[in-house]
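Residues per chain, in single letters:
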Amino acid sequence: GSADPDMTFEEFEEWAIPKLIAKIYGDQLLSPEEMHVFGVKVVADYLGSVGMNILTISKDPLEDPQIYAMKDGPTAALIVRVAAYPDKGALDEDEPQVSDLVDDCWDRDYDLYFASVGLANANARNDYERRALLRNGSFHVAFQGIEQVA
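Just so we're clear, the structure is a prediction, and the values are computed from it rather than from any experiment. (Residues numbered from 1 in each chain as written. Predicted model: local features only at pLDDT ≥ 70, side-chain atom pairs only at ≥ 80, totals over all residues. Heavy atoms only, no water.)

A. Quick peek at the packing of aromatic side chains. A full pass over the atoms with the stated rule returns 4 aromatic pairs. When the ring of Phe-12 is compared with that of Trp-15, the centres are 5.7 Å apart and the planes differ by 40 degrees; the resulting orientation is tilted. Of this pair, Phe-12 and Trp-15 both sit in helix H1 (residues 9–25), 3 residues apart, which is roughly one turn of that helix. On the basis of relative accessibility, which here comes to 25%, the residue Trp-15 falls in the partly exposed class. Considering the side-chain rings of Tyr-46 and Phe-143, the 5.2 Å spacing of their centres and the 75 degrees angle between planes classify their relative orientation as edge-to-face. You can see Tyr-46 sitting in helix H2 (residues 32–49) and its partner Phe-143 sitting in the loop between strand E5 (139–142) and strand E6 (146–148), a full 97 residues away along the chain. Classification of Phe-143 by relative accessible area gives buried; the value is 19%. Note that Arg-130 overlies the ring of Tyr-85, its terminal NZ or CZ placed 5.9 Å from the centroid. (Phe/Tyr/Trp six-rings, centres within 6.5 Å; stacked < 30°, edge-to-face > 60°. Helix = DSSP H or I, 4+ residues; strand = E, 2+ residues; numbered from the N terminus. Buried < 20%, exposed > 50% of the residue type's maximum accessible area, 1.4 Å probe, protein only. Lys NZ or Arg CZ within 6 Å of the ring centre and 35° of its normal.)

So this is what it looks like as structure tokens:
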């Protein structure tokens, strides 16, 4: 679509910047699937570092949860969401699949966790380039652990 003449500058930026980044960098950009796989790896590495045993990992962004892990106590099911700067992965707890997963974890006596991962281009020269996540690039990772959902 085209820009709306009644857009504020901030709305125009949100509309235009992703289009410009795609035009400038094209197929050098990570796909949404590649971003997701990178984020799942960040979370799996963290879980290993705190002594959790990874049982299974799904790299499919449409399959929840992405990770099952265990340490002491019930199995942990983890939903991972990944986003490019300035965003961070977000969980919409009103999504039907999330409420179904909460019910499923309750039935199985699993704990459900959420992990948010934000990625930014570490070699960016300005705020706009932070959004350009390039293949074989370096990233700043915004990840602050996991939070229990149910």
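B. Just the confidence of the model for the protein, in detail. Overall, the predicted model of the protein reaches an average pLDDT of 92, with 100% of residues at or above 70. Mean pLDDT values for the elements of the protein range from 86 in helix H3 (residues 96–108) up to 97 in E5. (pLDDT = per-residue confidence, 0-100.)

C. The pairing of strand E2 (residues 67–70), seen in detail. Here E2 shows a buried face lined by Ile-67 and Ala-69 and an unburied face lined by Tyr-68 and Met-70. Pairing geometry for strand E1 (residues 53–57) and E2, over 4 bridges, is antiparallel. In the strand pairing of E2, Ile-57 is matched with Ile-67. Sheet topology note: the E2/strand E3 (residues 76–84) ladder contains 3 bridges and is antiparallel. Each residue of the ladder has a partner; that of Tyr-68, found in E3, is Ala-77. (Pairing = 2+ DSSP bridges.)

D. Region of the structure containing the environment of Val-141. Structurally, Val-141 is set in strand E5. Here Val-141 falls in the partly exposed class, since its relative accessible area comes to 39%. Residues contacting Val-141, with those up to four places away along its chain left out, are Phe-38, Val-42, Val-117, Gly-118 and Leu-119. (Contact = heavy atoms within 4.5 Å.)

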